[in-house]
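A look at the structure
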Amino acid sequence: MGKKGGSNKAPQAAAPAAAPPENWEEYLEENPELKRAEEEKKAERQRKAEEAQRQQKLKNERREAWEKQQVKDTRKKDREDAKWTREVQATVARALTEGVKAAQFFEDGRWYVEEGSNGKHVWKEVSDAYYCTHCDKH
């Protein structure tokens, strides 16, 4: 009888394992579930970025509209102020020609108007910047 058993050949090594992936994309190609999940995350990030961009654009448009309205309101107020100033100047000029006197503000914190005739000058205390000589209102 001869030898029983197998051959004297050395066992062969198992088939070489696949080379590990060199980067993340190759790894995802080998794992379809992970690839799908990563694509969903990427799509969600893109959607959020687009929404943020849309919100920023809307915010900028609102700010620009507000600034434009502020400029418009300022111009309107300036016109109204100029009109009021012209009206006040015309009223003061008329009043001064009709006998109202302009008072002077002195260091003691009071208003005074100069009265007198024939070389006599008397300072009279009044309560405001103008004094009506006809009705003694001040």
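Scroll up for the structure.
All of the points below concern the structure found in this document. Being a predicted model, the structure only gives us computed values, none of them experimental.

1. Here we look at a negative patch on the surface
A cluster of acidic residues, E22, E25, E26 and E30, forms a negative patch on the protein surface. On the secondary structure map, E25 appears in helix 1 (residues 24-30).

2. Points about a positive patch on the surface
On the surface, a cluster of positive charge is contributed by K68, K72, R75, K76 and R79. Assignment of secondary structure puts K72 in helix 2 (residues 32-97).

3. Brief notes about helix 2
Here helix 2 contains 66 residues, and its C-alpha end-to-end distance of 97 Å stays within 8% of the 98 Å for a straight helix at 1.5 Å per residue. Count one or two residues on from helix 2 and you reach G99, which has phi positive near 115°.

4. Describing the sheet that holds strand 4 (residues 122-126)
Read from one edge to the other, the open sheet built from three strands follows the order 2-3-4, with strand pairing classed as antiparallel. In this open sheet, the two edge strands, each paired with only one partner strand, are strand 2 (104-105) and strand 4. Alignment of strand 2 against strand 3 (residues 111-115), held across two bridges, turns out to be antiparallel. Paired with F105 across the bridge in strand 3 is W111.

5. Topic: the pattern of salt bridges
Close approach of charged atoms allows side chains with opposite charge to pair. Enumeration over the complete set of coordinates arrives at eight salt bridges. For the salt bridge of R54 with E51, the shortest nitrogen-to-oxygen distance reads 2.8 Å. Pair noted here: R54 and E51 are both in helix 2, with a separation of three residues, about one helical turn. According to the relative accessible area criterion, E51 is partly exposed, its value standing at 31%.

6. Here's the deal with the packing of aromatic side chains
In the structure shown here, the tally under the stated rule is three aromatic pairs. A ring pair is formed by F106 and Y112, whose centres lie 5.2 Å apart and whose planes are at 85°; its orientation type is edge-to-face. Exposure remark for Y112: the relative accessible area of 15% places this residue in the buried category. A ring pair is formed by F106 and W123, whose centres lie 5.4 Å apart and whose planes are at 75°; its orientation type is edge-to-face. Within this pair, whereas F106 is found in the loop between strand 2 and strand 3, its partner W123 is found in strand 4, the two being separated by 17 residues in sequence. Feature note: the residues F106, Y112 and W123 constitute an aromatic cluster, connected by ring pairs.

7. Observations regarding the pairing of strand 3
The turn linking strand 2 back onto strand 3 is made up of five residues, and G109 within it adopts a positive phi angle of 85°. With five bridges connecting them, strand 3 and strand 4 associate as antiparallel partners. Note that in strand 4 the partner of W111 across the bridge is V126.

8. A word on a nonpolar patch on the surface
Together, W24, Y27 and L34 give the surface a local cluster of nonpolar side chains, amounting to about 310 Å² of exposed area. In this fold, Y27 is placed in helix 1. By relative accessible area, which is 34% here, Y27 ends up partly exposed.

9. Quick look at the environment of V92
For V92, the position within the fold is in helix 2. On the basis of relative accessible area, V92 is assigned to the partly exposed category, the value being 22%. Taking the C-alpha atoms as reference points, V92 and A102, 10 residues apart in sequence, are found 9.2 Å from one another.

Rules and cut-offs
Residues numbered from 1 in each chain as written. Predicted model: local features only at pLDDT ≥ 70, side-chain atom pairs only at ≥ 80, totals over all residues. Heavy atoms only, no water. Patch = residues over 30% accessible without salt bridge, like charges linked within 9 Å, V, L, I, M, F, W, Y side chains within 5 Å. Areas by Shrake-Rupley, 256 points an atom, 1.4 Å probe, with all protein chains shown as cover. Salt bridge = Lys/Arg side-chain N within 4 Å of Asp/Glu carboxyl O. Lys, Arg positive; Asp, Glu negative; His and termini not counted. Charge placed at Lys NZ, Arg CZ, Asp CG, Glu CD. Helix = DSSP H or I, 4+ residues; strand = E, 2+ residues; numbered from the N terminus. Expected span 1.5 Å × (residues − 1). Pairing = 2+ DSSP bridges. Buried < 20%, exposed > 50% of the residue type's maximum accessible area, 1.4 Å probe, protein only. Phe/Tyr/Trp six-rings, centres within 6.5 Å; stacked < 30°, edge-to-face > 60°.

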